[in-house]
Amino acid sequence: MTDDTSIRCVVWFGEPIGVERTCLAQAGWHTRVADANAQGAGVGIRRGDIVVAMADLRKADVDTLSQMAKLMANHPRLPWLVLLSVDTVVQTPEVERVLRACIDFFTAPIDMQRLIETLGNLAGDTPLPIAYSDVPGMIGSSPAMMTVVASLRKYAPVALPVLITGETGTGKEVAARALHKLSPRRNRPFAAINCGALPANLVQSELFGHERGSFTGANARRIGHFEAAEGGTVFLDEVGDLPSDAQISLLRLLQEGTLERVGSTQSIKLDVRVLAATHVDLEKAVAEGRFREDLYYRLNVLRLCMPALRERADDVLQLAQLFLDAFRKQHDCHARTFSAPARKALRDFAWPGNVRELLNRVQRAAVVAEGAQISIADLDLQDAVATRSGHSSLGLTRTSAERDAVVACLRETRFNISECARRLKVSRVTIYRLCKKHQLVLEDMH
């Protein structure tokens, strides 16, 4: 995919240590050290070279951060990575400005394997791994999942609330647990609460606790979920189902960092990070008066949108095989892989139940399959295939439109992959993947 004479170069703004240089060199990457504060500091890209910039903030002061932000603004098309120390204060305007301009960040000591994998992906020759070693539970190499993982890495270090949205079955709790595992609170409690499953008359007690005798049946003091998670993270799933009195208590906790147990007037100081999730439209709930507007804005400081599986076509087959392999480790079954028609059906199906539905169908198919290959019938997708073949296929229409758009853009840009990627607002890697997907041979198109 790249010219044999091109050089792979990491322009390192800062001071790389010996082992970092050595590992990069062994992976075929030249390291050029640069000073962001130097007169006329720049990247110096030679045409045809593959260049990635590393903003090393381990010893950066305010002036260096300011110069780094200017360099990033001057080279917006250059992929920037950032390296933080464990002591870097990320909640400063200077650091946040740099983080927003970067596509990924690393914390010292660097996970060199992940750095080299990231560089390879940027070079267009190494696909991202199906699982991210530092982000537990996140699986997939589609652009949609890459965006989610990048957001998780950015949001995890700060203690601000995160509102996680997405359809049922897209993995909102998995994302919440990943945020907790990546955060400084990882060794403290994580409490996951389904607000829709709590009895309406016990919501306040379950979440915030109660004193003995505060209501009939309260025979002893009870510590609520928030208090039990002191120093850690509380995940409120289906937060839109909270009754109004619990919404008021939650708002006070977010505003003042205090709570009161039911039956008590004593305020208890509490340090917890609140993550919330919903599959309903909270903006609509606010407009209809079913959810407090002030609470919505307190929860929606950072927002993470979990993509539907139909938006992750590149991940479906990988996930299906992963689920099958995991099932085989626990149970004795004949199935080892999927037939060609089954693979096509998996990619074309709309997956209204998202990842959860895919998991359930694969496990069922593994049980009923008689041979080594899982069929369309084993997946119970024959009706979907019949419906698709009997009508104009939206999937085929979308695929055809996608192919036409790529071909047209490549011709308009004289087959400049970087320019084509910029115009379509995707990465160079995605352009190469689309060419492979649609069997486009660049040499034959000139």
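A brief report on the enclosed structure follows. (Residues numbered from 1 in each chain as written. Predicted model: local features only at pLDDT ≥ 70, side-chain atom pairs only at ≥ 80, totals over all residues. Heavy atoms only, no water.)

### Focus on the sheet that holds strand β4 (residues 80-84)
Next up, step 1: Judged by pairing direction, the sheet is parallel, and its five strands sit side by side in the order β2-β1-β3-β4-β5 without closing on themselves. Looking along the sheet, the strands with just one partner apiece sit at the ends: β2 (30-34) and β5 (104-107). The sheet shows a mean angle of 25° between the axes of neighbouring strands, taken without regard to direction.
Next up, step 2: One ladder, built from six bridges, connects strand β1 (residues 8-13) with strand β3 (residues 50-56); its direction is parallel. Residue pairing in the sheet places Cys9 in a bridge with Val51 of β3. (Pairing = 2+ DSSP bridges. Helix = DSSP H or I, 4+ residues; strand = E, 2+ residues; numbered from the N terminus. Axes fitted to C-alpha atoms, helices over the stretch in contact; angles between N-to-C directions.)

### What about the pattern of salt bridges?
Next up, step 1: Overall, the coordinates contain 21 salt bridges when judged by the stated rule.
Next up, step 2: In this structure, the salt-bridge partner of Glu227 is Arg261, at a minimum N-O distance of 2.7 Å. Here the residue Glu227 occupies a position in helix α8 (residues 225-228), and Arg261 occupies one in the loop between β9 (258-259) and β10 (268-269), the gap between them amounting to 34 residues.
Next up, step 3: Between Arg312 and Asp315 there is a salt bridge, with the nearest N and O atoms lying 3.0 Å from each other.
Next up, step 4: On the accessibility criterion, Arg312 (3% relative accessible area) is buried.
Next up, step 5: Through salt bridges with shared partners, one network takes in Glu20, Asp56 and Arg58. (Salt bridge = Lys/Arg side-chain N within 4 Å of Asp/Glu carboxyl O. Buried < 20%, exposed > 50% of the residue type's maximum accessible area, 1.4 Å probe, protein only.)

### A few points about the pairing of β1
Residues in a regular strand point their side chains to alternate faces of the sheet.
Next up, step 1: A large share of β1 lies buried, amounting to six of its six residues.
Next up, step 2: Covered by surrounding structure in β1 are Arg8, Val10 and Trp12 together with Cys9, Val11 and Phe13, the residues of both alternating faces.
Next up, step 3: Of the pairings in the sheet, the one linking β1 to β2 comprises five bridges and is parallel in character. Counted as the bridge partner of Val11 is Arg32 from β2.
Next up, step 4: Each parallel crossover has a hand, and for β1 linked through helix α1 (residues 18-26) to β2 it is right-handed. (Right-handed = clockwise from strand over helix to strand, strands pointing away.)

### A few points about the side chain of Arg185
Next up, step 1: Tracing the backbone shows Arg185 in the loop between α6 (172-182) and β7 (190-194).
Next up, step 2: Its relative accessible area of 13% is what places Arg185 among the buried residues.
Next up, step 3: A polar contact of 3.3 Å, which involves the side chain of Arg185, links it to the backbone oxygen of Gly231.
Next up, step 4: With near-sequence residues (within four places) excluded, Arg185 lies in contact with Ala159, His180, Gly231, Gly232, Thr233, Asp271, Val272 and Arg273. (Polar contact = N/O pair within 3.5 Å; in protein donor to acceptor, adjacent residues only side chain to side chain. Contact = heavy atoms within 4.5 Å.)

### A word on the nonpolar core
Nonpolar side chains tend to gather and get buried jointly when the protein is soluble and globular.
Next up, step 1: Ranked by internal contacts, the top residues of the largest apolar core, which has 46 residues, are Met138 and Ile164.
Next up, step 2: Residue contributions to this core peak at five residues, all from helix α5 (residues 143-155).
Next up, step 3: By size, the runner-up hydrophobic cluster in this structure holds 32 residues, among which are Ala191, Leu236, Val239 and Phe291. (Core = buried A, V, L, I, M, F, W, Y, C linked by side-chain atoms within 4.5 Å.)

### Side note on the sheet that holds strand β12 (residues 302-305)
Next up, step 1: The strand order β7-β8-β11-β6-β12 describes an open sheet built from five strands, whose pairing is parallel. Both outer strands of the open sheet, β7 and β12, are each paired with one neighbouring strand and no more. The average angle at which neighbouring strand axes cross in this sheet is 20°, direction not considered.
Next up, step 2: Strand direction decides the pairing type here: β7 and strand β8 (residues 233-237), joined by five bridges, are parallel. From the neighbouring strand, Phe190 faces β8, where its bridge partner is Thr233.
Next up, step 3: Of the strands in this sheet, β6 (162-165), β11 (273-278) and β12 are in contact with α5, which crosses β12 at around 155°.
Next up, step 4: Strands β6, β7, β8, β11 and β12 of the sheet are contacted by α6, whose axis makes an angle of about 150° with β6.

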